[in-house]
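# Geometric and topological summary
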Amino acid sequence: MSEPKADDQRPKLEIDKVSKAYGDFLALRECDFSVARNEIVSIVGPSGCGKTTLLWSMSGLHGVSGGEIRLDGVPITKPHRDIGLVFQESNLLPWRNLRGNILFPYEITGETPDHDWIAHLLERVGLKGFEDAMPGALSGGMQQRASIVRALSQHPSVLLMDEPFGALDSFTREDMNRLVEEIWLESKTTIVFITHSIEEAVFLSDRVVVLSGRPGSVAAIHDIDLPRPRTDEVMASRQVFDLMNAIKGGIAGARTKAAE
Amino acid sequence: MGDITPEFQKKRGGGGVDVTNLSAFAAGGASRTQAEIVAIIATAIIVIGGLELALRLFEVPLYIMPPPSAIAMALIKDFPFIAPHLGHTLVELFAGFAIGASIGLILAAVITQFPFSEKIIAPYILLLVTTPMLALVPLLILRFGFGYTPRIIAVALASGPMVMINAATGFRRVDSAKIALARSYGASTLQIFWKIRAPMALPMILVGLMIGSIFGLLTAVGAEMVGGGFGLGNRLTSYSSMIQMPQFFAVVLILSLLGIAIYVTFFLIGKKWASWDA
Ligand SMILES: Nc1ncnc2c1ncn2[C@@H]1O[C@H](COP(=O)(O)OP(=O)(O)O)[C@@H](O)[C@H]1O
Ligand SMILES: [Mg+2]
């Protein structure tokens, strides 16, 4: 919103040789890629390879040990207003109803809630009429949709999502993927999406970054040149099959290399 | 903050309640069917009536165990005389509990912010919890006389540590993902405390308040039995020394009802404000 228009060619997010250590333990080593404006990039990799660590660095929740992460060219050192986060499992506050959860960001920042926008989002994700429900009374899919509304409520230009649908059944998951695609087509935010599902990554992304573990580093980057919206027909094509195999092969290769 | 880790806590089970169940969900729990109410009343009649019958049948002397009817009569007849004593006990309970619980809550909130100091202080808290504060009452009376003061101090000393130890357990239940959520919007330490840590601790705080107030009641009555001419505890000693057993049991009954009232109060508060933790 506020950044100069002239910078449209510059990447939205630059992950510049980022390393991260927890004490003596090196979790990430020189991860290097960038995310273009309005792009959806997925990060896939086995459990424990450092995906969450990387996302937390991108969100400014914790610092990096080496390298730099830049948003619109400015280094990220602390949580940023322009970045919305969707957590693993919905991470709703169980003692607040949906309305209370969605207004939580506004309570913290002290801004006046954008009620029209929130109402629009609730309608968009099919939660209109559930404002007074407590999270514990809702299905996992509904909880995660509420957390997406919360993340989008303050108009972030970047949405970081950490295995948001990992705990959902595959049908709900497909619905949620379609919802993310629709929201993205509508709002054109930049999305970084962490998943361990290759199919989910291919369905959603413009590019897929494969992370290999110990320490986490970029093993491969795949371009997903598929038309949007990604219909069942597109997803059933030979091209998708080949892409998924290539990514799978890349992960397997990275693992055997790491095991050596 | 050092307590942020990317490993998120697993939620407790049962997240998938269907929306159509929502009304049943809300209606369930406390509401009882007519049959249940009848059964509850019938049981009460059988238990109390049976007790009455047995005590009369076996001609148990009044000074050992008066029948329920005698206790009820004593309660009605002597209540005007007992009531001021009940008032004194309540004053001691409320004053002592208010002081003890406030200090306990504040200490719990502060101490859990500093895990290092917590480790050092923990043994003393345990000592306070396990020491029967009644033992100190004669000492307190020596120092403060026979008025309210020693009793209020005893109640505070008994309830405070109970509140504190439970509240501390609650404050220690940090959910790093929820704190991260708050931090991602730039929340201050104070905001994190009031909007995340405190509500998260609330169910345990309520448990602490309930246990603390019941301990406070016991301590108030015990302190009254040790010395001083007023309060329900004083009634217990004086009635038993005069072998006025119906009156004695009438006071015991009042104390039981007080305990139940405390329990029900906190149960209802918990149901209203902390049922998400159920
Ligand atoms: N706060 C922490 N302190 C020490 N090690 C950590 C911490 N958080 C994560 N790790 C370790 O870093 C590695 C990457 O973790 P994480 O980023 O959560 O992986 P992923 O999200 O890909 O499953 C794991 O080996 C994990 O045990
Ligand atoms: Mg993770």
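Quantities reported herein were computed from a predicted structural model and do not represent experimental measurements.

With that out of the way, let us pick up the overall build of chain A. On a plain count of helices and strands, chain A comes out with eight helices and ten strands. The C-alpha atoms of chain A give 18 Å as radius of gyration, which agrees with the globular expectation for 260 residues (18 Å, within 12%). In terms of overall dimensions, chain A has a C-alpha envelope of 55 × 40 × 40 Å along the principal axes. Every one of the 260 residues in chain A was classed for burial, and the buried ones make up 54%. Nonlocal contacts in chain A, meaning residues at least 24 apart in sequence, comprise 69% of its contacts between residues at least 6 apart.

We now examine the sheet that holds strand E6 (residues 83–86) of chain A. Residues and elements named next belong to chain A. The strand order across the open sheet formed by six strands is E6-E7-E8-E3-E9-E10, and the pairing between neighbours is mixed. Only two strands of the sheet have a single partner each, and these edge strands are E6 and strand E10 (217–223). Looking at each pair of strands side by side, their axes are set apart by 20° on average, direction ignored. As defined by bridge partners, strand E3 (residues 40–44) adjoins strand E9 (residues 207–212) across four bridges and the pair is classed as parallel. Bridge pairing links Ile43 to Val209 in E9. In the packing of helix H4 (residues 140–152) onto the sheet, the strands contacted are E6 and strand E7 (158–162), and the crossing angle to E6 comes to about 170°.

All names here are of chain B. Mapped onto the elements of the fold, Trp273 is located in helix H10 (residues 245–273). Given a relative accessible area of 56%, Trp273 falls into the exposed group. Each C-alpha atom of the pair Trp273 and Pro203 lies 8.3 Å from the other, and the pair is 70 residues apart in sequence.

Turning our eyes to something else, we now look at the sheet that holds strand E1 (residues 13–22) of chain A. Residue and element names in this part refer to chain A. Strand order in the open sheet made by the four strands is E2-E1-E4-E5, with antiparallel pairing throughout. The two strands at the open ends of the sheet, each matched to only one other strand, are strand E2 (25–35) and strand E5 (74–75). As paired elements, strand E4 (residues 66–71) and E5 share two bridges and run antiparallel to each other. Looking across to E5, one finds that Arg70 is bridged to Pro75. Running at roughly 120° to E1, helix H1 (residues 51–59) makes contact with E1, E2 and E4 of the sheet.

Turning our attention to the domain arrangement of chain A. All names here are of chain A. Domains assigned within chain A are domain 1 (30–82 + 158–260) and domain 2 (93–155). Its C-alpha centre places domain 1 at a distance of 24 Å from the equivalent point of domain 2. At the interface, 14 residues of domain 1 touch 13 residues of domain 2. Joining domain 1 to domain 2, the criterion identifies three salt bridges. Summed over the shared surface of domain 1 and domain 2, the result is six residue pairs in polar contact (both at pLDDT 80 or more). Going through the elements one at a time, E7 and helix H5 (170–187) are the ones with two or more residues in the side of domain 1 that touches domain 2. When residues of the side of domain 1 that touches domain 2 are assigned to their parent elements, the largest contribution, seven residues, is made by H5. Counted by class, the side of domain 1 that touches domain 2 contains nine nonpolar, one polar and four charged residues.

Residue and element names in this part refer to chain A. Burial of E6 is two-sided: the residues Ile83 and Leu85 facing one way and the residues Gly84 and Val86 facing the other way are all buried. With four bridges joining them, E6 and E7 adopt parallel strand pairing. Across the sheet, Gly84 pairs through a bridge with Leu159, a residue of E7.

Okay, the confidence of the model for chain B next. Residues and elements named next belong to chain B. Overall, the predicted model of chain B reaches an average pLDDT of 85, with 88% of residues at or above 70. Across residues 1–29, where pLDDT falls below 50, the model places 51 contacts with residues more than four positions away in sequence or in other chains. Both confidence scores are given for the complex: pTM 0.81, ipTM 0.88.

Okay, empty space enclosed by the protein next. Residue and element names in this part refer to chain B. Counting across every chain of the model gives one cavity of 30 Å³ or more. If you add up the space inside the largest cavity, you get close to 40 Å³. Lining the largest cavity are Gly170, Phe171, Arg173, Val174, Asp175, Ile179, Ile196, Arg197 and Met200. Here the element with the most residues in the lining of the largest cavity is helix H8 (residues 189–226); it accounts for three residues. Of the residues assigned to the lining of the largest cavity, the class counts are five nonpolar, one polar and three charged.

Residues Leu253, Leu257, Ile260, Tyr263, Val264, Phe267 and Leu268 of chain B make up a contiguous nonpolar surface patch of about 650 Å² in total accessible area. Tracing the chain through its elements places Ile260 of chain B in helix H10.

This part covers the pattern of salt bridges. For the structure on display, the rule yields 27 salt bridges over all chains. In this structure, Glu107 of chain A engages Lys195 of chain B in a salt bridge whose closest nitrogen and oxygen atoms are separated by 2.8 Å. Here Lys195 of chain B lies in helix H8 and Glu107 of chain A lies in helix H2 (residues 98–109), a pairing that spans two chains. The class for Glu107 of chain A is partly exposed, based on a relative accessible area of 33%. A relative accessible area of 23% places Lys195 of chain B in the partly exposed class. Taken together, the salt bridges that share partners define one network made up of Arg10, Glu14, Asp16, Glu68 and Arg70 of chain A.

Rules used in this analysis
Residue numbers run consecutively from 1 along every chain, following the written order of its sequence. Whichever chain is written first is A, and whichever ligand is written first is 1; the rest continue in order. The predicted nature of this model means local features are confined to residues of pLDDT at least 70 and side-chain atom pairs, given and counted, to a pLDDT of 80 or more, with totals for whole chains, interfaces and linings taken over all residues. Computation of side-chain values: all heavy atoms of the structure, hydrogens and water removed. Counting from the N terminus, the helices are the DSSP runs of H or I reaching at least four residues and the strands are the DSSP runs of E reaching at least two. To get the radius of gyration, use the C-alpha atoms; to get the globule rule, take the number of residues to the power 0.38 and multiply by 2.2 Å. Using a 1.4 Å probe on the protein chains alone, a residue whose accessible area is under 20% of its type maximum counts as buried, one over 50% counts as exposed, and one in between counts as partly exposed. Working rule for contacts: check all heavy atoms of both residues, and any pair within 4.5 Å makes them a contact. DSSP bridges decide pairing: two strands pair if at least two such bridges lie between them. Structural elements are reduced to axes, namely lines fitted to C-alpha atoms, with helices fitted over the stretch in contact, and the angle between N-to-C directions of any two is expressed from 0 to 180 degrees. Reported domain spans reflect what an automatic or database domain assignment gives. What makes a salt bridge here is a side-chain nitrogen of Lys or Arg within 4 Å of a carboxyl oxygen of Asp or Glu, nothing more. We define a polar contact as two N or O atoms separated by no more than 3.5 Å, with the added condition that, inside protein, one atom must be a possible hydrogen donor and the other a possible acceptor, whereas residues neighbouring each other in sequence contribute only through side-chain atom pairs. Under the grouping applied here, Gly and all other residues not named as nonpolar or charged are polar, the nonpolar ones being Ala, Val, Leu, Ile, Met, Phe, Trp, Tyr, Cys and Pro and the charged ones Asp, Glu, Lys and Arg. Each residue gets a pLDDT score, which is the predictor's confidence in that residue and runs from 0 to 100. The distinction between a cavity and a pocket rests on a 1 Å grid over the protein atoms alone: a 1.4 Å probe fits inside a cavity but cannot get out, while a pocket stays open yet meets protein on both sides within 12 Å along at least five of seven lines, and a residue with an atom within 4 Å of a point counts as lining. Grid points are joined across faces, edges and corners, and a volume is the space filled by probe spheres set on the points. Residues with no salt bridge and a relative accessible area higher than 30% make up the patches, which join like charges within 9 Å and nonpolar side chains (Val, Leu, Ile, Met, Phe, Trp, Tyr) within 5 Å. Methods summary: accessible areas were calculated by the Shrake-Rupley approach with a probe of 1.4 Å, and residue burial reflects only the protein chains presented.

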